[in-house]
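# Observations on the model geometry
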Amino acid sequence: MRELLLASCPMGLRVITAIQALIAILAWRRYARSEDKKNNILYLLTCLVAVGLFYDALILALGASVELPEAILPYSRLRFVFHGALIPLLFPICVYALGLGKRWKTAVWVFTGVLIAFGIAEGFATELVPQQVAGVVRYTSGDGTPGWAKAVSGVLSYGTVVPLILAGIVVWIRQKTPLLFLSGLLMFAFSALGPATGNFDLIFYISMFGEVCMVLCFLLYARKRETAQSSFLYTKVRKEP
């Protein structure tokens, strides 16, 4: 398995980059074309998360084509900044999927805003150290990264998946669709696959397949939700005298 991952990494990163771009475009088009944008905000949130993951994949893909690590240093810094700014949007996605009230939405947006601020700060505070694996040059967090920045990074990487799984279970029970649950489960599974197989240096690559599955499930869930809302409104209009 390791030999396959090492051999496929450079091309795999390019494919993942293209898929993330496609998902972002599709989500944006669905949102732009929707008449009720307030009730279809999941498309916009999916688009933003996919854009952040697209940029991450793009810079990693470029790392397979450069000889000097310094060439991608400033762009790699933005990888961490965008990650900190956009991954917290998973919390509002959970709230809108659950259909919680205004107070809950306000509270979660405030929490998300604070987490975004810390995430952006973490992106600028992280010490970047070049690392090469499978022919890909990428920057990772170095030992000089402040402890608080490491803690924020841990929350963004792992603390967002558990709420997604839990919200997905509730949505599955209430709305009879496992898509949101699968988004969190697959993200968790691929994140754990690297350590489970001893491929610690390839965690970044393996987890990216989970990221693709996650945003794809978001898009499919948003589409299913939009269809259900349209069907409900149509039935309601038909019943009115």
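Our structure is the block above this text.
Residues numbered from 1 in each chain as written. Predicted model: local features only at pLDDT ≥ 70, side-chain atom pairs only at ≥ 80, totals over all residues. Heavy atoms only, no water.

Turning next to the layout of surface pockets. In this structure, the largest pocket occupies an estimated 960 Å³ of space. Along its surface, the largest pocket is lined by 36 residues, and His83, Ser153, Ser157, Tyr158 and Ser207 are the ones closest to its centre. Those elements that provide at least two residues to the lining of the largest pocket are helix H2 (41-62), helix H3 (73-86), strand E2 (136-141), helix H6 (147-159), helix H8 (179-196) and helix H9 (203-239). Here the lining of the largest pocket takes seven residues from H6, the largest share from any one element. Residue composition of the lining of the largest pocket, by class: 17 nonpolar, 12 polar and seven charged. (1 Å grid on protein atoms, 1.4 Å probe; cavity = no way out; pocket = protein on both sides within 12 Å on 5 of 7 lines; lining within 4 Å. Points joined across faces, edges and corners; volume = space filled by probe spheres on them. Helix = DSSP H or I, 4+ residues; strand = E, 2+ residues; numbered from the N terminus. Nonpolar A, V, L, I, M, F, W, Y, C, P; charged D, E, K, R; others polar.)

For the pair helix H4 (residues 90-98) and helix H7 (residues 161-175), the least separation of the axes is 10 Å and the interaxial angle reads 15°. By the angle between their axes, H4 is roughly parallel relative to H7. Considering only the axes of H4 and H7, their crossing is left-handed. Taking contact as the criterion, the partners of Phe91, Cys94, Ala97 and Leu98 in H4 are, on H7, Pro163, Leu164, Ala167, Val170, Val171, Arg174 and Gln175. The residue inventory of the contact of H4 with H7, partitioned by class, reads nine nonpolar, one polar and one charged. (Axes fitted to C-alpha atoms, helices over the stretch in contact; angles between N-to-C directions. Parallel < 35°, antiparallel > 145°, perpendicular 65-115°, else oblique. Left-handed = near helix turned anticlockwise from the far one by under 90°. Contact = heavy atoms within 4.5 Å.)

A separate point is the packing of aromatic side chains. Tallied over the full model, the rule gives six aromatic pairs. Ring plane angle 45° and centroid distance 5.8 Å describe the contact between tryptophan 28 and tyrosine 31, whose orientation is recorded as tilted. Of the two residues, tryptophan 28 and tyrosine 31 both sit in helix H1 (residues 2-33), three residues apart, roughly one turn of that helix. Given a relative accessible area of 42%, tryptophan 28 falls into the partly exposed group. An angle of 85° between the planes, with centres 5.2 Å apart, marks the rings of phenylalanine 91 and phenylalanine 111 as edge-to-face. Taken together, the positions of phenylalanine 91 in helix H4 and phenylalanine 111 in helix H5 (residues 102-125) put the pair 20 residues apart, joining distant regions of the chain. A relative accessible area of 13% places phenylalanine 91 in the buried class. Members of the aromatic cluster, each reached through a chain of ring pairs, are Phe190, Tyr205 and Phe209. Positioned over the ring face of phenylalanine 204 is arginine 138, at 4.1 Å from the centre of the ring. (Phe/Tyr/Trp six-rings, centres within 6.5 Å; stacked < 30°, edge-to-face > 60°. Buried < 20%, exposed > 50% of the residue type's maximum accessible area, 1.4 Å probe, protein only. Lys NZ or Arg CZ within 6 Å of the ring centre and 35° of its normal.)

To continue, consider the environment of lysine 224. Following the sequence through the fold, lysine 224 ends up in helix H9. Setting aside its immediate chain neighbours within four residues, lysine 224 contacts Thr177 and Leu179.

This paragraph deals with H5. Here H5 is 24 residues long and its end C-alpha atoms lie 34 Å apart, about the 34 Å a rise of 1.5 Å per residue gives. Among the residues of H5, Val108, Thr112, Leu115, Ile116, Gly119, Glu122 and Gly123 are the ones counted as buried. (Expected span 1.5 Å × (residues − 1).)

Judged by side-chain polarity, Val110, Val114, Phe118 and Trp148 come together as a nonpolar surface patch covering roughly 390 Å² of accessible area. At three residues, the largest contribution of residues to the nonpolar patch is made by H5. With respect to the secondary-structure elements, valine 114 resides in helix H5. (Patch = residues over 30% accessible without salt bridge, like charges linked within 9 Å, V, L, I, M, F, W, Y side chains within 5 Å. Areas by Shrake-Rupley, 256 points an atom, 1.4 Å probe, with all protein chains shown as cover. Salt bridge = Lys/Arg side-chain N within 4 Å of Asp/Glu carboxyl O.)

Glancing now at the nonpolar core. Within the largest apolar cluster, 37 residues are counted, with the highest numbers of intra-cluster contacts made by Val49, Ile93, Leu180, Met214, Val215 and Phe218. Elements supplying a minimum of two residues to this core: H1, H2, H3, H4, H7, H8 and H9. In this structure, methionine 214 is in contact with Val49, Leu53, Leu90, Leu164, Ser183 and Met187, ignoring residues within four places of it in sequence. Core analysis: the next-biggest nonpolar cluster, separate from the first, contains 16 residues, Val133, Ala134, Leu202 and Phe204 among them. (Core = buried A, V, L, I, M, F, W, Y, C linked by side-chain atoms within 4.5 Å.)

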